[in-house]
Each structure stands twice: as C-alpha cells, then as structure tokens.
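One letter stands for each residue in the lines below.
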Amino acid sequence: AAAGRGDVAGSRPPAPGGDADGPPVRRAAAPVPRPVRPRPGRLRAPGAGPRRDGRGAAGAVQRGLAALGAGYCYERNLAVNPQGGNTGLVGGSVPVFDEIILSTALMNKIISFDKVSGILVCQAGCILEKLNEYLEDQGFIMPLDLGAKGSCHIGGNVATNAGGLRLLRYGSLRGTVLGLEVVLADGSVLDCLTSLRKDNTGYDLKQLFIGSEGTLGVITAVSILCPQKPKAVNLAFLGCQSFAKVLETFTTSRAMLGEILSACEFMDEKCMELVERHLKLSNPLTGSPFYVLIETSGSDSTHDADKLNNFLEQAMTSGLVADGTVATDAKKIKTLWSLRERITEALTHDGCVYKYDISLPVGKLYDLVMDMRARLGQSAKNVVGYGHLGDGNLHLNITAESYSHFLLDAIEPYVYEWTARHKGSISAEHGLGFKKKQYIHYSKPNEAIFLMQRFKAMLDPKGILNPYKTLPTSSEGNMH
Ligand code: FAD
Ligand code: MLT
Ligand code: ZN
C-alpha cells in the first residue's frame, strides 16, 4: 500500500487518487459517517475587533466561534482540519478528503505581555515573526525561531512542538509553553491558559496538546515564557574539512563559549551549492565540504567577543576550522543566517524532494547521509544533509528530477530501519502528519501507540479532529 509514502516537498499530501507528483492514495477507512457534505471553504473567526485584549469581547467571540465551529461539526459528524500558517512539512495541515479547514488566521490578537515575568499570552493565529517583533520592541524575544517564521502561527508551532534554531538555548516548547486554551472535539473549551512557572496541581494536560498535530483539540490561545532580548549577538560561519571536525568544533564551542552559545547548525557543501545556484546567495567562504554556524547571545559585548575570539583562535590553530567569517551587525547576521534558513526553499527549486527529519546520536548524524548517497548513486539528483547539530537533528533531503517510485523504494523503509537501528527518531521536529504516520512503529513501541489511540478515542470519540493524521489506522497495521 503506497498511501502516504513519499515525503515529497511542500505540505500538500498527494491528492486522493494520485497526482502528477505522488503515488496514488488509498482512501482510508472513514472514521465517521458524513451525512452532510460540507461546502468548500473555511470556518473563520470574525475580523479584528476594537480591543487588543483577545480575552475581551472580540477574543471571546473568536474563541466562541472556534468552539461553535467544532460543536457544529461534532453534532453533524463532520471532519475538521485545524490549520495555522500551512507551513508544516508532513501534510498535517492539509485535508486528505473532505475535512473542513478550521483556520486560525484571524485569531491574531496579543492578549497580554508581562515585562516582569516575560510571559506572553496570545491567540493561536499570531504569526511567529510578528510576535517576535512585538517582543523585541519591549526588550524580549520569542523562545523559538524557524525559517518559516514569516508565515507559521504560534498555535501551529505548539501543535507541532516545533524545534528550530533556538532550541539549543531555550529548550523545547514543552518547557516554555506555560498554558493553553483548547477547543475540544465536542466544542467545549478547556481553559488551561495559566501564566504560572510552577503548577503541580494534577496532570499537566497541556502537554497532551503540544505536538498532537490537531488530532486532540484546536489550540486557540497560548501562554509562553519569553527570554530577554540578548544585548550582544555574534554569528560565526565556519568551514570544516570533515564531519569529525564539525563535531569537534561543536564540542569545543560548548566548552569554550558555555552559557553564551545560542545556536549550532550545520550544512554540507551540497546545500551550499543549492542556495547559491537556485537562490543566488553567495558563500563568503570557499572550498569546504561542511559549514557550521555558531551563534552567541549574551549581555556583555566585550565579554562575548573575547570568549568568541578565544574559541575561534583555538579552532583555527588546532585545524578544526579551515576558514571562517564573523558577523556582529544585524544585517550581516541576517545574511549569514539566510544561507542556512533558506535551504528548504532552495531544495524545492531542485526538483522533487524526499524529506527526512531524523534524531540520532550526534556522532552518527552524517553517517546516514553518506550511506544514502552511496546507496542511491545516480538515481538521486542530490543527497544533502543539514540541520540542528546541537540538538542531534539531521535533515536528510534527497532530490530527483521527478517523482519516482523506484527511488522511493530505495529510500524507504531503509531510512527508517537505519534510524531505528541507531536508536533514533524518524521525526525529530516536524511530526508525523499524513506522510509519516504509518512509520510511527519505528520510533514508538506498540504499548505507547495503543495508549495514544486510547487518548485519541477519549478526547475525540467520533474521530472528527484531523482524521488520517499522526496515528496509524488499524488497517495500516504494525510495521514490525
Ligand atoms: P500548519 O502547517 O498550519 O499545521 C501544522 C499541524 O498543526 C497540522 O497538523 C495542523 O492541523 C496543526 N495545527 C495548526 N494549528 C493548530 C491549532 N491552532 N490547533 C491545533 N492544531 C493545529 N519546523 C521545525 O520544527 N523546525 C524548523 O526549523 C522548521 N523550519 C521550517 C522552515 C521552513 C522554510 C518551512 C516551510 C517549514 C519549517 N518547519 C520547521 C515546519 C513548520 O514550519 C512547523 O511545523 C510549524 O510549527 C508549523 O506551523 P503552522 O502554523 O504553519 O502550522
Ligand atoms: C529547517 O531546519 O530548515 C527545517 O526544519 C526545514 C527543513 O527541514 O527543510
Ligand atoms: Zn529543522
């Protein structure tokens, strides 16, 4: 059964019955009868109200509409697909058959920000970049950052438990999200929108919704802990001659930069070729098979510059780093970051993309890329590796001129078996969505999947919330 195979670029899963790019898709057993066929279109909350306070009249109306929408669909057995910025990479935000899209696009109000605690409360449809800009004006930043920041919503970020470029420093959303407001499948509102750092009263229910990809409830508001905006930021872009040197550069940076290290990302030379060729970005360095981005964020520019210089001197004199450049002004920092952040975009210009988002012990991170390159030979156009080095998260991407079932069979399930053998995760940060749900067995035991299915049945007894996503249906069976 080819349903859902082929993690082809973009968030749209292959259309039912197949399309030019993807394999034909088997219609999954419908979990709910649908006596009323929805008219195409979106259920949207109404436009901006006069108040900025999302918990005021306008906020209550929008939340109420989301609840009404869910309640309406619940009574009529209509399937619902929650959607934020639609930037997800595993097809979770796109209907498979006739689900109604419940968009949070108009739920974009900031509810409150407390400068003493750094706690932001906002509606789910706020765009990540806009939130960051709002906070920067007040001397704070969002604890997460990702290439899709200009489009993705905070609700979508929480629903996918997005990782991104700042996780190394500020940790996962499982730690920084303090509270959530969620509309449940039957339209009732679960108000756990607290702004407390500490609250051990019973089970931490919000954790169920973080990373649940719209299958357990619709997140309508988020309370999140935001760090101070660092006064001094530096970015070093370094060239390394081998992956062993990349790893040693990371461990040395951790030891020598300590608390000011805020990001450590890597990309291979193939990624660099693609951003140069397709996006016309220019590489300030030349001739290295690997590139590492090391960011420092701190409160004292002299102290941070001293530390960074010591680290760079050590890295250069010991031969870990062959070449490098450092940016301290915001414009150059942005330009250097775009070399890494825009790899996803460059890949989409290279043809049909098979995307994999793997967690591995950091020492093994690049072995999978080399193994895959050797395995696929000429049948792939490019096999590239990049990712969140400091988090042990590899993005393995394979491109081809066009979709090929033959190529897909050479990649899968091999890539998942390889990952499971090395005790990794087949989805580090993107989730399972539609495209990866049937491979969950490679990363979770049957007992865990069974318990997840019981949670799903309890919270969404009619199976109307994002059906066909995240969890395998029983007909997809156990893969091993
Ligand atoms: P959508 O794509 O709209 O939805 C994603 C999932 O969440 C779907 O299953 C949807 O049903 C559900 N959902 C959305 N909103 C809600 C809600 N309010 N309530 C309940 N469920 C909801 N991801 C990373 O983790 N790290 C990265 O570094 C990263 N970089 C990216 C860079 C680029 C260029 C792109 C295109 C994507 C990147 N992503 C990354 C993937 C994606 O941006 C994230 O998964 C993001 O968090 C999705 O947010 P969204 O608002 O677009 O959600
Ligand atoms: C990234 O880190 O750039 C993203 O997760 C997107 C991708 O994997 O392509
Ligand atoms: Zn990523």
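Calculation criteria
Residues numbered from 1 in each chain as written. Chains lettered and ligands numbered in written order. Predicted model: local features only at pLDDT ≥ 70, side-chain atom pairs only at ≥ 80, totals over all residues. Heavy atoms only, no water. Near = heavy atom within 4 Å. Polar contact = N/O pair within 3.5 Å; in protein donor to acceptor, adjacent residues only side chain to side chain. Areas by Shrake-Rupley, 256 points an atom, 1.4 Å probe, with all protein chains shown as cover. 1 Å grid on protein atoms, 1.4 Å probe; cavity = no way out; pocket = protein on both sides within 12 Å on 5 of 7 lines; lining within 4 Å. Sits in = over half its atoms within 2 Å of the grid points. Axes fitted to C-alpha atoms, helices over the stretch in contact; angles between N-to-C directions. Helix = DSSP H or I, 4+ residues; strand = E, 2+ residues; numbered from the N terminus. Parallel < 35°, antiparallel > 145°, perpendicular 65-115°, else oblique. Left-handed = near helix turned anticlockwise from the far one by under 90°. Contact = heavy atoms within 4.5 Å. Nonpolar A, V, L, I, M, F, W, Y, C, P; charged D, E, K, R; others polar. Points joined across faces, edges and corners; volume = space filled by probe spheres on them.

Participant: Would you explain the site of ligand 2 in this entry?
Facilitator: Lining the immediate environment of ligand 2, one finds Leu89, Arg340, Thr344, Lys355, Tyr386, His388, His395, Glu429 and His430. Between ligand 2 and His430, the relevant distance is 2.7 Å, taken from an oxygen atom to a side-chain nitrogen or oxygen of the residue. Protein contact buries 85% of the 260 Å² of open area that ligand 2 shows by itself. Taking a 2 Å distance to the grid points as the criterion, the majority of the atoms of ligand 2 fall inside the largest pocket.

Participant: What's the story with the packing of helix α12 (residues 367–376) against helix α14 (residues 414–421) in this structure? I'm lost.
Facilitator: When two helices pack together, you describe them by how their axes are tilted relative to each other and by the distance separating the axes. With their axes 12 Å apart at the nearest point, α12 and α14 run at an angle of 150° to one another. Classed by the angle they form, the pair α12 and α14 counts as roughly antiparallel. You can see that α12 and α14 cross each other, and the crossing is right-handed. Packed against α12, whose contacting residues are Asp367, Leu368, Asp371, Met372 and Arg375, the element α14 presents Tyr414, Val415, Trp418 and Thr419 at the interface. Considering only residue class, the contact of α12 with α14 consists of five nonpolar, one polar and three charged.

Participant: What should I look at first to understand empty space enclosed by the protein in this one?
Facilitator: Space left empty within the atom packing is revealed by a probe, the size of a water molecule, rolled over the atoms. In total, this model carries two cavities of 30 Å³ or more according to the counting rule given. In this structure, the second largest cavity occupies an estimated 30 Å³ of space. As for the second largest cavity, its lining consists of Gly164, Leu165, Arg166, Leu167, Leu168, Cys264, Glu265, His388, Leu389, Gly390 and Asp391. When residues of the lining of the second largest cavity are traced back to their parent elements, those giving at least two are α4 (167–170) and β10 (261–268). Split into classes, the residues belonging to the lining of the second largest cavity amount to five nonpolar, three polar and three charged.

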